[in-house]
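Breakdown of the fold
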Amino acid sequence: MKTITSIHQMHELVSLAKRQGKKIGFVPTMGYLHAGHAALLRQCRKENNLCILSIFVNPKQFGPAEDFRRYPRNKKHDEMLAKKEKVDIIFYPSVKTMYPTGYLTYVHVRTLADHLCGPRRPGHFDGVTTIVTKLLNIINPDVLYLGQKDAQQAVIIAQMIDDLNWPTRVKIIATVREPSGLAMSSRNSYLSDPERYQAQALYRSLRMAKKLIQAGERRSGTIKQKINAQIKKNTLARVDYIECVDAKTLVPLRTIKGHVIIALAVFLGKTRLIDNIQVRA
Ligand code: AMP
């Protein structure tokens, strides 16, 4: 396993692999790797000749009041996990490498960021699409692996790749959860024990909502209200949003129909957690 910090070197390795006819899989992350990242890496390893992981805490996707500085980092642990998952190359650039002084260019996908996390985290998705664009240009992968955990991010990136005619295929991997149901996240490390205990209520409330829909409920207002009530009853969380949206357009639905994502974001103490579940109605 190689750790590469320079864009030029990364380009050279990728060009060589392409000349050798290797299929390249790519998993972009912000590090502090856990079993969710491992699931993406495992799929990537299985389906490609070259498995590339990037670790970059992207300052452009954090708001001024967000947790860029205190975002957890642990290079040694990440390298161990990557080795275990048989990653070939870790791309580990510095902020200066990715955004040298004078950097000006941003990539913006219209409308899809108008919902869910978009309005609550202004500029976040432009930061995401900008860094993913840069990484795709540097690595030029055949397949890109993303997690369903960040459902809106996956929809936006898939749209961008399609719109910009990249040949890269996108594969979305199911959310990996702790036995309690809590979705794995690097940010779970911020949670105190009582907060972690309360956080179980998020997925439980989403499962309850899915059951309601499967039993015939179609009013999104009722579903959102029931999720909210369950979270309020079992946690001290402050709800940021609870929404039922179309899985492709991300537009909020009054009536549940078709392929739907039920998504939520809550603050437990200072920690913002997101989760979602998919339903077909
Ligand atoms: P992050 O390091 O949080 O930016 O995540 C990097 C990639 O891993 C993204 O595509 C995430 O959606 C994905 N990911 C994060 N947590 C999970 C999880 N619990 N299960 C599956 N994928 C995940």
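Predicted, not measured: the structure shown is a model, and the values here were computed from it.

A word on the overall build of the protein. The secondary structure content of the protein amounts to nine helices and nine strands. Over its C-alpha atoms the protein spans a radius of gyration of 19 Å, differing by no more than 12% from the 19 Å that the globule rule assigns to 281 residues. By its C-alpha atoms, the protein is 55 × 40 × 40 Å across when sized along the principal axes. By the burial criterion, 53% of the 281 residues in the protein qualify as buried. A fraction of 72% describes how many contacts in the protein between residues 6 or more apart in sequence connect residues 24 or more apart. Across the protein, the mean location of the 45 positive side-chain charges is 3 Å away from that of the 22 negative side-chain charges.

With that out of the way, let us pick up the pattern of salt bridges. Evaluated as defined, the whole model comprises twelve salt bridges. The partner of Arg 219 in a salt bridge is Glu 217, with the nearest N and O atoms 2.9 Å apart. The exposure class of Arg 219 is exposed, given its relative accessible area of 53%.

Before going further, it helps to spend a moment on helix α2 (residues 35-47). Helical geometry: 3.6 residues make up each α-helical turn, so side chains three or four residues apart lie on a common side. Here α2 contains 13 residues, and its C-alpha end-to-end distance of 18 Å stays within 8% of the 18 Å for a straight helix at 1.5 Å per residue. Taken together, the buried positions of α2 are occupied by Gly 36, His 37, Ala 38, Ala 39, Leu 40, Leu 41 and Cys 44. Tucked inside the fold, the buried residues of α2 contact β2 (24-29), β3 (50-55), α3 (75-84), β5 (143-147) and β6 (169-173).

With 13 residues, helix α1 (residues 7-19) should cover 18 Å at 1.5 Å per step; its first-to-last C-alpha distance of 18 Å lies within 8% of that length. For α1, the secondary structure elements touched by its buried residues are β1 (2-4), β2, β3, β4 (89-91) and α6 (124-139). Regarding α1, its N-cap is Ser 6, as a side-chain oxygen of that residue lies 3.4 Å from the backbone nitrogen of His 8 further along. Looking one or two residues past α1, Gly 21 carries a phi angle of roughly 75°, positive in sign.

Before going further, it helps to examine the pairing of β6. Sheet topology note: the β5/β6 ladder contains five bridges and is parallel. Among the inter-strand pairings, Leu 144 is bridged to a residue of β6, identified as Val 170. Viewed along the sheet, the connection from β5 through helix α7 (residues 151-163) into β6 turns out right-handed.

A few words now on the site of the ligand. By nearness alone, 16 residues border the ligand, and Met 30, His 37, Asp 150, Val 176 and Met 184 come closest of all. Between the ligand and the protein, one listed contact pairs an oxygen atom with a backbone N or O atom of Gly 147 at 2.9 Å. At 2.9 Å, a backbone N or O of Met 184 approaches a nitrogen atom of the ligand. Elements with a contribution of two residues or more to the shell around the ligand: β2, α2 and β5. The element that contributes the greatest number of residues to the shell around the ligand is α2, accounting for three residues. In terms of residue class, the shell around the ligand is built from seven nonpolar, seven polar and two charged.

Conventions adopted
- Residues numbered from 1 in each chain as written.
- Predicted model: local features only at pLDDT ≥ 70, side-chain atom pairs only at ≥ 80, totals over all residues.
- Heavy atoms only, no water.
- Helix = DSSP H or I, 4+ residues; strand = E, 2+ residues; numbered from the N terminus.
- Rg over C-alpha atoms; globule rule 2.2 N^0.38 Å.
- Buried < 20%, exposed > 50% of the residue type's maximum accessible area, 1.4 Å probe, protein only.
- Contact = heavy atoms within 4.5 Å.
- Lys, Arg positive; Asp, Glu negative; His and termini not counted.
- Charge placed at Lys NZ, Arg CZ, Asp CG, Glu CD.
- Salt bridge = Lys/Arg side-chain N within 4 Å of Asp/Glu carboxyl O.
- Expected span 1.5 Å × (residues − 1).
- Polar contact = N/O pair within 3.5 Å; in protein donor to acceptor, adjacent residues only side chain to side chain.
- Pairing = 2+ DSSP bridges.
- Right-handed = clockwise from strand over helix to strand, strands pointing away.
- Near = heavy atom within 4 Å.
- Nonpolar A, V, L, I, M, F, W, Y, C, P; charged D, E, K, R; others polar.

Limitation: the analysis is restricted to geometry and does not speak to function.
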